[in-house]
Amino acid sequence: MSLWTSIFGKRKPAEKAGRPRAVRSRYDAAQTNADNRNHWAAADMLSPASSNTDAIRKRLRSRSRYEIANNSYAKGMIVTMANEVIGTGPRLQFGSEYDDVNDAVERRWREWMDSTRLAEKLRTAFMAMVGDGEGIVKLFENEFADPQGVQLDAEPIETDRLDSEGDFSVAENAIEYDRSGRPTVYKILREHPGDLLVTDPRGRDRVPAQYVLHMFRADRPGQLRGVPWITPALGLFAQLRRYTAATLAAAETAANLAAVLESPAPADTEDMADPWVEVPIEKNTFTTLPAGTKLSQLKAEQPTAMYGDFKNEIIKEIARCLGIPFNVAAGNSGGMNYSSGRLDYQNWYRTLRVLRADLELMLDRIFGMWFAEAVLIPGYIPEIPKADFPIDHAWYWDGAEYIDPLKEAKADETRLLAGMLSRSEYFARRGLDWSKEMRQIAKEKKMMADLGLDYSPQPAAPMAPNDPLLDQEDPVPAGANENK
């Protein structure tokens with residue numbers, strides 16, 4: 001007997017070929033019956049490419065654009081996301097050992113960003129990524145971008161301009177890929193196919209992938225093209241608008257009928273009035289009614305008490321596919337106290353960090369091309385010794401506004417004194433360059449010392465017991481649970 005057999009025992013004889021094995025586990029979701037057959041009728045096993053063909057993406061884009069153009073909630077959510085993620089644009093922190101070089105490079109970069117309106121173009125590309133499914137930015141040389149400096153420029157283009165060469169069944173036909181699945185060439189039409197006057201419908205350029213920034217969210221492994229982020233919510237947006245229109249129509253109908261004459265007379269009475277006769281009513285009139293009739297008004301029952309609750313629930317469901325909290329989606333924090341509003345924002349801050357991390361990879365490519373051109377322009381930026389390369393850099397974004405400045409200041413002070421928070425991280429959260437801020441603080445301290453002023457912080461005056469800024473939870477207002 002072998003050691004293996006002595007430990008684990010004899011191997012059981014293999015089952016004969018063709019004998020079915022009994023299934024010992026079952027999943028309710030894997031069963032198909034009369035109750036769920038219609039629900040799962042559209043489920044398929046298509047690949048990401050087959051699911052996102054050019055024709056399907058085109059239909060989703062057209063419906064998404066229509067909804068965004070006609071639904072203020074859809075428009076507001078996408079604009080708010082772009083303003084939150086991109087804001088006024090990324091700020092560069094150059095990391096050489098020389099402060100004057102850092103200041104010069106950062107100043108030139110900001111000048112170039114302003115001249116090319118890069119922040120505005122990034123916001124446009126981000127909104128296209130959310131609304132169309134893909135945000136595309138083409139980098140090219142423009143002699144008018146900065147006649148005395150870097151002539152690199154950026155142009156956001158719609159995904160419709162990615163040429164499919166007439167084959168709408170293959171989503172990847174507009175882009176050429178290498179064996180590893182990375183794009184190598186983008187085929188971009190010179191004119192938008194939706195223009196009313198297209199002079200050259202097949203005119204296109206083969207643009208190397210290094211000059212194209214292609215932003216989309218890949219929800220499945222192997223996905224090469226994007227679909228609108230609001231695709232799961234398109235039906236919900238339609239329901240939201242239909243319910244509002246139906247509620248308004250019902251309210252208008254009730255308001256337009258000023259009064260109704262009711263009569264108990266049987267239907268076959270000869271002197272019965274026409275039920276659809278309209279009788280104008282004079283203002284300040286005293287009148288009598290026909291015998292046996294009475295005057296009544298329709299009750300204004302619209303909007304119902306559930307109107308606001310229904311809209312809020314729809315908006316919450318829509319916001320989930322975008323990763324934004326309800327108060328950001330609705331543009332309203334009514335019914336929330338400080339803790340509730342801040343708690344909901346925590347997941348949104350994590351989403352911001354993820355989105356900005358992806359954008360920084362593309363900004364690195366833009367900055368690499370910009371810097372490669374900048375060092376070739378005599379006197380444009382200070383000369384940097386080759387021994388100092390490579391040089392690190394970082395990106396800073398707009399900081400978040402404090403909901404309660406006093407509470408946040410107390411928390412930051414405690415973390416700084418305990419060594420749990422660095423000043424670089426503190427300033428980064430506010431969208432500021434820590435090295436510049438520290439140098440500015442040092443200058444202010446020196447100037448105040450020269451002027452004989454005391455720079456040491458003074459203790460804050462004690463607050464009254466009923467001061468609303470005391471570090472205590474705000475009372476929950478009435479109706480706070482309606483939106484939670």
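As a reminder, the structure under discussion sits directly above these lines.
For the structure given in this document, a descriptive report is provided here.

Cut-off values and rules
All residue numbers refer to positions counted from 1 along the written sequence of the respective chain. For this predicted model, a pLDDT threshold of at least 70 governs which residues receive local features, and a threshold of 80 or more governs which side-chain atom pairs are given and counted, while totals over whole chains, interfaces and linings are taken from all residues. By convention in this description, side-chain values take in all heavy atoms of the structure and omit both hydrogens and water. A run of DSSP states H or I qualifies as a helix once it reaches four residues; a run of E qualifies as a strand once it reaches two. Both are numbered from the N-terminal end. Burial classes follow relative accessibility: with a 1.4 Å probe on protein chains only, a residue under 20% of its type's maximum area counts as buried, one over 50% as exposed, and anything between as partly exposed. By the convention used here, strands pair only if DSSP detects at least 2 bridges between them. In the sections that follow, a salt bridge refers to a side-chain nitrogen of Lys or Arg positioned within 4 Å of a carboxyl oxygen of Asp or Glu. The convention used is that axes are lines fitted to C-alpha atoms, helices contributing only their stretch in contact, and that angles between N-to-C directions extend from 0 to 180 degrees. Relative orientations are named as follows: roughly parallel for angles under 35 degrees, roughly antiparallel for angles over 145 degrees, roughly perpendicular for angles from 65 to 115 degrees, and oblique for any other angle. Note on convention: near helix rotated counterclockwise from far helix by under a right angle means a left-handed crossing. Clockwise means right-handed. The contact criterion used is simple: two residues touch if any of their non-hydrogen atoms lie within 4.5 Å. Each residue gets one of three labels, nonpolar for Ala, Val, Leu, Ile, Met, Phe, Trp, Tyr, Cys and Pro, charged for Asp, Glu, Lys and Arg, and polar for the others, Gly among them. By nonpolar core is meant a set of buried Ala, Val, Leu, Ile, Met, Phe, Trp, Tyr and Cys residues that side-chain atoms within 4.5 Å join together.

Considering unusual backbone geometry
Then step 1. Residues other than glycine seldom take positive phi values, yet R117 does so here, at roughly 55 degrees.
Then step 2. Mapped onto the elements, R117 comes out in the loop between α5 (99-116) and α6 (118-131).

Some remarks on the pairing of strand β2 (residues 135-141)
Then step 1. The element β2 is largely enclosed, with a buried count of five among its seven residues.
Then step 2. In the sheet, β2 pairs with strand β3 (residues 152-157) via six bridges, with the strands oriented antiparallel. Each bridged residue has a counterpart across the sheet, and for I136 the counterpart in β3 is I157.

Topic: the pattern of salt bridges
Then step 1. The tally for this structure, following the rule as stated, stands at 22 salt bridges.
Then step 2. Here D160 and R65 are joined by a salt bridge, their closest N and O atoms 2.6 Å apart. On the criterion of sequence distance, the pair formed by D160 in the loop between β3 and β4 (175-177) and R65 in helix α3 (residues 54-70) is long-range, its members being 95 residues apart.
Then step 3. Residue classification places D160 among the buried residues on the basis of a relative accessible area of 17%.
Then step 4. Residue E111 is joined to R108 by a salt bridge in which the shortest nitrogen-to-oxygen separation is 3.3 Å. With E111 and R108 both in helix α5 and three residues apart, this pair spans about one turn of that helix.
Then step 5. Look at E111 and you get partly exposed, because its relative accessible area is 35%.

Quick notes on the packing of helix α4 (residues 72-85) against helix α8 (residues 307-322)
Then step 1. Contact geometry of α4 with α8 gives a least axis separation of 12 Å together with a crossing angle of 40 degrees. Relative to α8, the element α4 lies oblique. α4 and α8 meet at a crossing whose hand is right-handed. On α8, the residues touching Y73, M77 and M81 of α4 are K311, I315, I318 and L322.
Then step 2. Classifying every residue of the contact of α4 with α8 gives six nonpolar, no polar and one charged.

Notes on the nonpolar core
Then step 1. W109, W112, F126, L322, I324 and W370 are the most contacted members of the largest nonpolar core, which has 67 residues in total.
Then step 2. Among all residues touching W112, those that are not within four sequence positions of it are L118, V150, L152, D153, I366 and W370.
Then step 3. The next biggest cluster of nonpolar side chains, apart from the first, holds ten residues, and it includes I175, I188, V207 and V212.

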